[in-house]
Amino acid sequence: MRNSYRMAALALTLAAVGCTPDKIPTDLAPPNNETGSEFSLWRAPRNGLRVMFQNMYVGANVDAIIGALASPDPNDDLATLAAQIGVLQETDFPTRAAKIADEIAKHRPHVVGLAEVSTIDVDLTGLGVSVVYHMDFLTVLKQALARRHLRYRVAGQVRNFEAAPLPGISLIDQDVVLVDADRVKARPDVIARTFRTNLGSVVPGVSLARGFVSVPVWVDGEQYRVTSTHLESDLGGNNLGLLRAAQVQELVGAIGDARHAVIMGDLNDFAGTPMYQVLLGAGYSDAWASLRSGQDGFTCCHADNLTNARVPDQRIDYVFARGFDRHDDTIDGFIRRIGLLPGDMVPGPIHPIWASDHAGLVAWLDPK
């Protein structure tokens, strides 16, 4: 009963100072079917390492474009492309970058892992279509962070692939790791490369490759190795689970025996799969499964146009950690998702939009 009185008093206090629903402190705003504990920052360790992962989302359905290009019907190519360019404009990246920067400002992670950091160049005037679109995701995000007086710098990045399926169209995909320049010292022995095992050419002008960025950092006198990656997804109805397992095997081999190691990313796979077993076998623990047992942890996916028409129903984004155990716990720390509450949506050009089609993850990990 005492807790009920306390909650009521806090609610009245919020009303008195004019808080709107999306401004309610995170420890008082349980979303959907989850408990409020996900949003209680009181449980987060004060020291240790704080990481954030966000798949930034290219902003349109690239698989649909690949499917149209791969089909025997040449008449669907431009129609599909034009439709997805419309989605790109609907999901307006500068608006989404501002929201991602707000989340970074709110949680102040030491290290941020980013996937689908895209550079998009479209100029269809040569095909008789008056469509021109240019967007550099990393530059736009860095500008948004600077406007918030946040000094995050690029500690490592890898170009995964460049797709140029038609004249006047180019998409560059990167993984990027940012570190807080005011609180983190990144060592120079960064590993940034594409995997030896990749899907390769899928249609003319599109050869898919994935990679990872692994950065050794010092935070408050403690050394960590933090790795961010984006594994290959299933394509054309083909299960690429063994490909993802091979990619992770290469990744853990590159990291080696680092004492405090974190692997975060869009792993495009589920618990119990070969990829997952490789990570467990290398001594890593799934932070969500360890710290939020019994909660679904779904991160994917919102609708392609980032409306609230689709509810995430898959957990494919992860934080894995090694060397953060204490007593009988596999991980000592706290983890939460971002980008799931209705209040997380922001006004877009046509309708409210999410920052990405994936929820992000923020984890506090205590090595001591």
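Residues numbered from 1 in each chain as written. Predicted model: local features only at pLDDT ≥ 70, side-chain atom pairs only at ≥ 80, totals over all residues. Heavy atoms only, no water.

A. Quick peek at empty space enclosed by the protein. Tallying each qualifying case throughout the model produces two cavities of 30 Å³ or more. As for the second largest cavity, its lining consists of 14 residues, and the residues nearest its centre are Q54, K99, I338, G339 and A355. Secondary-structure elements contributing two or more residues to the lining of the second largest cavity are strand 1 (49–55) and helix 4 (93–107). It is helix 4 that provides the largest number of residues to the lining of the second largest cavity, a total of three residues. Tallied by class, the residues present in the lining of the second largest cavity amount to six nonpolar, five polar and three charged. (1 Å grid on protein atoms, 1.4 Å probe; cavity = no way out; pocket = protein on both sides within 12 Å on 5 of 7 lines; lining within 4 Å. Points joined across faces, edges and corners; volume = space filled by probe spheres on them. Helix = DSSP H or I, 4+ residues; strand = E, 2+ residues; numbered from the N terminus. Nonpolar A, V, L, I, M, F, W, Y, C, P; charged D, E, K, R; others polar.)

B. Spotlight on the pairing of strand 2 (residues 111–123). Of all 13 residues in strand 2, 11 are buried; the element is thus mostly enclosed. Here strand 1 pairs with strand 2 via five bridges, running parallel. Across the sheet, residue Q54 finds its bridge partner in strand 2, namely L114. In this structure, strand 2 lies alongside strand 5 (residues 169–180), joined through 10 bridges in antiparallel fashion. By the bridge assignment, G113 is partnered in strand 5 with V177. Where strand 2 meets strand 3 (residues 132–136), five bridges bridge the pair, whose relative direction is antiparallel. Among the inter-strand pairings, T119 is bridged to a residue of strand 3, identified as D136. (Buried < 20%, exposed > 50% of the residue type's maximum accessible area, 1.4 Å probe, protein only. Pairing = 2+ DSSP bridges.)

C. Structural view of the packing of helix 4 against helix 5 (residues 137–147). Contact geometry of helix 4 with helix 5 gives a least axis separation of 9 Å together with a crossing angle of 50°. The angle between helix 4 and helix 5 falls in the class oblique. Our pair here, helix 4 against helix 5, has a crossing hand that is right-handed. Where helix 4 abuts helix 5, its residues F93, P94, R96, A97, A98, I100, A101 and I104 lie against F137, V140, L141, A144 and L145. Of the residues contributing to the contact of helix 4 with helix 5, the split by class is 12 nonpolar, no polar and one charged. (Axes fitted to C-alpha atoms, helices over the stretch in contact; angles between N-to-C directions. Parallel < 35°, antiparallel > 145°, perpendicular 65-115°, else oblique. Left-handed = near helix turned anticlockwise from the far one by under 90°. Contact = heavy atoms within 4.5 Å.)

D. How the structure looks around the layout of surface pockets. The volume enclosed by the largest pocket comes to roughly 780 Å³. Forming the walls of the largest pocket are 38 residues, and the residues nearest its centre are D63, E116, S233, N268 and D357. Of all the secondary-structure elements, those providing two or more residues to the lining of the largest pocket are helix 2 (62–70), strand 2, strand 4 (152–163), strand 5 and strand 9 (206–208). Counting residues per element, the lining of the largest pocket draws most heavily on helix 2, at three residues. For the lining of the largest pocket, the class distribution of residues is 15 nonpolar, 10 polar and 13 charged.

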